[in-house]
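An overview of the molecular structure
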Amino acid sequence: MSKIPVYLMPGLASSAAIFERIVLPEDKFEIHLLEWEIPLDHESLTDYAKRISAKVIHKNPVLIGVSFGGILVQEMAKYVEARKVIIISSVRCNSEFPRRLKIAKTTKAYKLIPMSLFANIESLAKFSFGEKVNQRLKLYEKFLSVRDIRYLNWAVEQVILWDRAVIDENVIHIHGDADDVFPIKYIKNCIIVKGGTHIMILNKYKWLNENLPSIILGVKKQSKTLL
C-alpha cells in the first residue's frame, strides 16, 4: 500500500517550521511542507491558491492548513483533487470571523494598519498568534519568518475580504476552545481540542500526532465534542 501524501501549509507569516513537532506514522503517511511565497502584483487569493497548488505533485493528497493557511488550502482544493482537506485554528467561511474582522471589512480600517510595525517580532507574534502570546519571542522569531511588507499587506487583506459564505461540509475543522484569534463561539461545527489556543500546532502537537492519523483515515468523525 502506497503512503498517503500529506501537505502542510503554515499560518500567516509563518514558516513550515511550525510543523516540526508534527510526526505521523512513516509507514502510512509522507509529509510535504509548503511555504508562503511573495504574492504577485494584484494577485487574487484564487490565483495565488492556483499557483501554490502547482507545488502539490502527488495525486489524491491530504491538504492541512493552519489559520490563514487553512483558508488557503480550502481555495487550493478548487485545483487539487484532495483526499481530505483539514484546517486547524482557522475558519470554514467568513461568517465564522469574529466581530472585529467583520467591522474591519466594512470600515476598511485594515488599510490604515502600517504593516512596517510588524517587522517587530513581538508585534508580528501578537498579530499572527493572538494577544495571549507569552514572552518566548526567540521561539516565535524562528517560526515567523515571512516579514515582507508586500506579503503582509496582501495577506491581511485576503483574510479580511475572504468571500466564502457557505461552509464546505467536507472540510474537517480542528479548533481549540481557547483560541483568541477565531473564538470558538463563532465556530459552527468542529473537532474541539480542550485548552487549544491559536498556536496549538505548537503546544498541542501531542494531541495532533495522536489523532491526525485516524482523522485522515476517516476513523474519527467531526463533532462538536471536547477531546
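Before reading on, note that the structure itself is shown above.
Residues numbered from 1 in each chain as written. Predicted model: local features only at pLDDT ≥ 70, side-chain atom pairs only at ≥ 80, totals over all residues. Heavy atoms only, no water.

The next thing to look at is helix α2 (residues 68-76). Summarising burial for α2: 9 of the 9 residues are buried, a large majority. Among the structural elements, β1 (4-9), α1 (45-53), β3 (62-66), β4 (84-88) and α6 (149-160) are those in contact with the buried residues of α2. (Buried < 20%, exposed > 50% of the residue type's maximum accessible area, 1.4 Å probe, protein only. Helix = DSSP H or I, 4+ residues; strand = E, 2+ residues; numbered from the N terminus. Contact = heavy atoms within 4.5 Å.)

Below, the discussion takes up the pairing of strand β5 (residues 172-176). Burial analysis of β5 places 5 of its 5 residues in the buried class, which makes it a mostly covered element. Relative to strand β6 (residues 191-193), β5 runs parallel, the two sharing 3 bridges. The partner of H175 across the bridge, within β6, is I192. (Pairing = 2+ DSSP bridges.)

All right, on to α1 then. Turning to α1, its buried residues are L45, Y48, A49, I52 and S53. Seen end-on, α1 carries its buried residues on one side only, within an arc spanning 140°. For α1, the secondary structure elements touched by its buried residues are α2 and α6. (Arc of directions from axis to C-beta.)

For the rest of this paragraph, the subject is the pairing of β1. Of all 6 residues in β1, 6 are buried; the element is thus mostly enclosed. Neither face of β1 is exposed, since I4, V6 and L8 on one face and P5, Y7 and M9 on the opposite face are all buried. By the bridge criterion, 5 bridges tie β1 to strand β2 (residues 29-33) in an arrangement that is parallel. Residue pairing for β2: I4 is matched across the bridge by F29. Pairing geometry for β1 and β3, over 4 bridges, is parallel. Note on β3: the bridge partner recorded for Y7 is L63.

It is worth stressing that arrangement in space is one thing and function is another; only the former is reported here.
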